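# Topology and contacts: notes
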Amino acid sequence: MGLAGRMGDRNMRLSLGITGHRETNLAYRDNAVGIAAALTQLFDAIDNGSTQEAKPRLHALLSLGADLLAVEIALGRGWQVAAPLPFGKSL
């Protein structure tokens with residue numbers, strides 16, 4: 001039984017955010033495969049504790065690099081993705 005089931009509210013959803021290096025950062029480029037593996041392992045653990053009805057939601061700024069990598073993995077799992085963009089109401 002997932003966390004939501006144990007808490008008694010099947011509509012509960014885990015929301016998490018990510019921020020990381022851009023793809024132009026040397027540390028990101030040197031570790032991109034390991035970062036993808038770590039995100040996959042983390043998202044596996046989160047999926048194991050979630051119900052099908054309340055898939056997690058990932059918040060990311062969509063920067064090229066760790067942000068988009070996480071978004072691609074999350075979307076592949078059927079997660080919702082929220083991308084708050086830094087624009088004012090006038091746009």
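Preceding block: the structure.
Predicted model only: the values in this text are computed from it and were never measured.

This paragraph deals with the overall build of the protein chain. In terms of helices and strands, the protein chain carries 3 helices and 3 strands. Element order for the protein chain, N to C, with α for helix and β for strand: α-β-α-β-α-β. Split into buried and exposed, the 91 residues of the protein chain put 29% on the buried side. In the protein chain, the share of contacts with a sequence separation of at least 24, taken over all contacts with a separation of at least 6, comes to 67%.

Moving on, we get to helix 3 (residues 66–76). Looking at helix 3, one finds that the buried residues are Ala66, Asp67, Leu69, Ala70, Val71, Ile73 and Ala74. Buried residues along helix 3 sit against helix 2 (26–48), strand 2 (57–59) and strand 3 (80–82). Trailing helix 3 by a residue or two, Gly78 shows a phi angle of about 85 degrees, which is positive.

Ranked by internal contacts, the top residues of the largest apolar core, which has 15 residues, are Leu16, Ile18, Leu39, Phe43, Leu58, Ala70 and Trp79. The dominant element in this core, judged by the number of residues it contributes, is helix 3, at 6 residues. Ignoring anything within four residues of it in the chain, the contact list for Phe43 reads Leu16, Leu58, Ala70, Ile73, Ala74, Arg77 and Trp79.

About the criteria used
- Counting starts from 1 at the beginning of each chain's written sequence and moves along it residue by residue.
- Owing to the predicted nature of the model, reporting of local features is limited to residues with pLDDT of at least 70; listing and counting of side-chain atom pairs is limited to 80 or more, with chain, interface and lining totals taken over all residues.
- Only hydrogens and water are set aside when side-chain values are computed; all heavy atoms of the structure are taken into account.
- Secondary structure follows DSSP: runs of H or I at least 4 residues long count as helices, runs of E at least 2 residues long count as strands, and numbering of each begins at the N terminus.
- Relative accessibility thresholds used throughout: buried, under 20% of the residue-type maximum; exposed, over 50%; partly exposed, between the two (1.4 Å probe, protein chains only).
- When checking whether two residues touch, look at their non-hydrogen atoms; a contact exists if any pair is within 4.5 Å.
- Each nonpolar core is a collection of buried residues, namely Ala, Val, Leu, Ile, Met, Phe, Trp, Tyr and Cys, held together in the definition by side-chain atoms within 4.5 Å.

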